[in-house]
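Each chain, letter by letter, is given below.
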Amino acid sequence: MGLLGTGMLLTFTEVAPEHELDFNEWYNREHIDERVFMPGFRRARRYVAADPATRVKYFASYETGTVQDLCAPEYMKLLGDQSDWSKRVMARFTHFDRLTLACTVDLAHGISGATGLARFFPPDEAKQDLREILRDRVLPELASRPGMHGAVLLENDLEVVAVGLRAQGKPVPDDLRQEWVVLLDGSSPSIVGAALDAGFGDDRLADHGVASAAVDLGRYALVFGNHR
């Protein structure tokens, strides 16, 4: 079974070490469950970095029916009505990054214990060719490796980003660029790490405008998840 929709919210977070216990308890006991039952949301999972080279320690994925669910008026309203626990934890974030993405290639197969991420900015002129090479060659090859359970391509929807920024009273940057994320599921961090290296190492995609040095790679282990 693939993803439970074509939309996905990814969040990347960190807190100071002295606040991690409260942060993890909040995420596992309140936040994931709360988000899963919001309109349009289907399933949520959260992960912790599995090696020191991964740039951000925690990330979470939230599957939605469509990416437009992530800028729906009801959802925007609910974001402004946070619990006291949420307000306390969120005020302590030392890093927060949020992407609202549409899934354009879905080769997912269930839920795995580890996930690898590749984040990059595709050149506008190369997007169509790059999407095709990922869909037809790279992702099927990675998903079929021993111990691998799936691969998806996610593309940040800038219109949804803009709606979210305006709802928070923030300006939309003139230089806003579309980021892509490849998400790989596998049995262990080492397995997904090897798949990331095979797919994005040695400048494999350089002819399509994506140099290996410009790709942010991360290996993560599953912490907790829930679904409707």
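Conventions and cut-offs
- The written sequence of each chain sets the order in which its residues are numbered from 1.
- With the structure being a predicted model, the display of local features is reserved for residues of pLDDT at least 70 and the display and counting of side-chain atom pairs for 80 or more, all residues being used for whole-chain, interface and lining totals.
- Side-chain descriptors were evaluated using all non-hydrogen atoms of the structure, hydrogens and water having been removed beforehand.
- Secondary structure elements follow DSSP: runs of H or I no shorter than four residues count as helices, runs of E no shorter than two count as strands, and numbering proceeds from the N terminus.
- We take the radius of gyration over the C-alpha atoms and set the globule estimate at 2.2 Å times the residue count to the 0.38 power.
- The rule is simple: take the accessible area with a 1.4 Å probe, protein chains only, and divide by the maximum for that residue type; under 20% is buried, over 50% is exposed, in between is partly exposed.
- Residues belong to a common nonpolar core when they are buried Ala, Val, Leu, Ile, Met, Phe, Trp, Tyr or Cys residues joined through side-chain atoms within 4.5 Å.
- Whenever a nitrogen or oxygen atom comes within 3.5 Å of another N or O atom, the pair is scored as a polar contact, on the condition that within protein one atom can donate a hydrogen and the other can accept it, and that pairs from neighbouring residues in sequence are kept only if both atoms are in side chains.
- Contacts are assigned to residue pairs that have any heavy atoms within 4.5 Å of one another.
- Here, expected helix span is obtained from the residue count minus one, scaled by 1.5 Å.
- Here the rule is simple: two strands pair whenever DSSP picks up at least two bridges between them.
- Only C-alpha atoms enter the line fits that serve as axes; for helices the fit covers just the stretch in contact. Angles between N-to-C directions range over 0 to 180 degrees.
- For patch building, the residue pool is restricted to those with more than 30% relative accessible area and no salt bridge; the joining distance is 9 Å between like charges and 5 Å between nonpolar side chains (Val, Leu, Ile, Met, Phe, Trp, Tyr).
- Where accessible areas are quoted, they stem from the Shrake-Rupley method and a 1.4 Å probe; at the residue level, only the protein chains shown are allowed to cover.
- Definition used for salt bridges: Asp or Glu carboxyl oxygen within 4 Å of a side-chain nitrogen of Lys or Arg.
- Just so you know, the count uses Lys and Arg for positive and Asp and Glu for negative, and it drops His and the chain ends.
- One atom stands in for each charge, and that atom is NZ of Lys, CZ of Arg, CG of Asp or CD of Glu.

> How do you make sense of the overall build of the protein when you look at a structure like this?
Helices and strands together make up the secondary structure of the protein, namely six helices and eight strands. Reading the protein from its N terminus to its C terminus gives the helix and strand order β-α-β-β-α-α-β-β-α-β-α-β-α-β. Relative to the globule expectation of 17 Å for 228 residues, the C-alpha radius of gyration of the protein, 17 Å, shows essentially globular dimensions. Considering only C-alpha atoms, the protein reaches an extent of 50 × 35 × 30 Å along its principal axes. Put simply, the protein has 228 residues, and 49% of those count as buried.

> Quick question: what am I supposed to make of the nonpolar core here?
Soluble globular proteins tend to pack their nonpolar side chains together in the buried interior. Formed by 24 residues in total, the largest nonpolar core has its most connected members in Phe120, Leu134, Leu139 and Leu184. For this core, the secondary-structure elements that each account for two or more residues are β5 (114-120), α4 (127-143), β6 (148-156), β7 (180-186) and α6 (189-200). With seven residues, the top contributor of residues to this core is α4.

> How should the side chain of Thr11 be read in this particular structure?
Its location among the elements puts Thr11 in strand β1 (residues 7-15). Look at Thr11 and you get buried, because its relative accessible area is 7%. A polar atom in the side chain of Thr11 sits 3.4 Å from the side chain of Tyr27. The contact partners of Thr11, leaving out residues within four places of it in the chain, are Tyr27, Tyr58, Phe59, Ala60, Tyr62, Phe96, Asp97 and Arg98.

> Please explain α6 as it appears in this structure.
Residues separated by three or four positions in an α-helix point in the same direction, a consequence of the helix having 3.6 residues per turn. Between the first and last C-alpha of α6 there are 16 Å, a value that for twelve residues agrees with the 16 Å anticipated at 1.5 Å per step. Along its buried surface, α6 packs onto β5, α4, β6, β7 and β8 (216-227). Remark: Asp202 follows α6 within two positions and exhibits a positive phi of approximately 55°.

> Can you help me understand the sheet that holds β1 in this one?
Note on sheets: strands pair through backbone hydrogen bonds, and any given pair is parallel or antiparallel. Strand order in the closed barrel formed by eight strands is β1-β3-β2-β8-β5-β7-β6-β4, with antiparallel pairing between adjacent strands. Strand after strand, the sheet turns through a mean of 35° between neighbouring axes, direction not considered. Where β1 lies against strand β4 (residues 93-106), nine bridges are found, and the strand directions are antiparallel. Within the sheet, the bridge partner assigned to Glu14 lies in β4 and is His95.

> How do you make sense of a negative patch on the surface when you look at a structure like this?
A cluster of acidic residues, Asp197, Asp202, Asp203 and Asp207, forms a negative patch on the protein surface. Tracing the sequence through the fold places Asp202 in the loop between α6 and β8. Asp202 sits in the exposed class, given a relative accessible area of 81%.

> Explain the pattern of salt bridges here, please?
Any two side chains of opposite charge can pair, on the condition that their charged atoms come close. Going through the model one piece at a time under the given rule, you end up with 16 salt bridges. Asp97 is paired through a salt bridge with Arg119; the nearest N and O atoms lie 2.6 Å apart. In this pair, Asp97 is assigned in strand β4 and Arg119 in strand β5, connecting sequence segments 22 residues apart. For Arg204, the salt bridge goes to Glu141, with nearest N and O atoms at 2.9 Å. Within this pair, whereas Arg204 is found in the loop between α6 and β8, its partner Glu141 is found in helix α4, the two being separated by 63 residues in sequence. Arg204 gets classed as partly exposed once you look at its relative accessible area, which sits at 29%. One network of salt bridges, with partners in common, ties together Arg43, Arg45, Glu63 and Asp185.

> Would you explain the environment of Leu3 in this entry?
Within the secondary structure, Leu3 sits in the segment before β1. Measuring from C-alpha to C-alpha, the distance between Leu3 and Asp106 comes to 7.0 Å, with 103 residues separating the pair along the chain. Residues within four places of Leu3 in sequence aside, it is in contact with Met8, Arg43, Arg45, Glu63, Cys103, Asp106, Ala108 and Val152.

> How do you make sense of the side chain of Thr13 when you look at a structure like this?
In this structure, Thr13 sits in strand β1. Ignoring any residue separated from it by four or fewer positions in sequence, one finds Thr13 in contact with Phe23, Tyr27, Val56, Lys57, Tyr58, Phe93, His95 and Phe96.

> Hey, could you run me through unusual backbone geometry in this one?
Most peptide bonds take the trans form, and the phi angle of most residues other than glycine is negative. One non-glycine residue, Asp202, lies in positive phi territory at about 55°. A positive phi angle is found at Asp203, which is not glycine, with a value near 55°. In this structure, Asp203 sits in the loop between α6 and β8.

In short, geometric facts, not functional conclusions.
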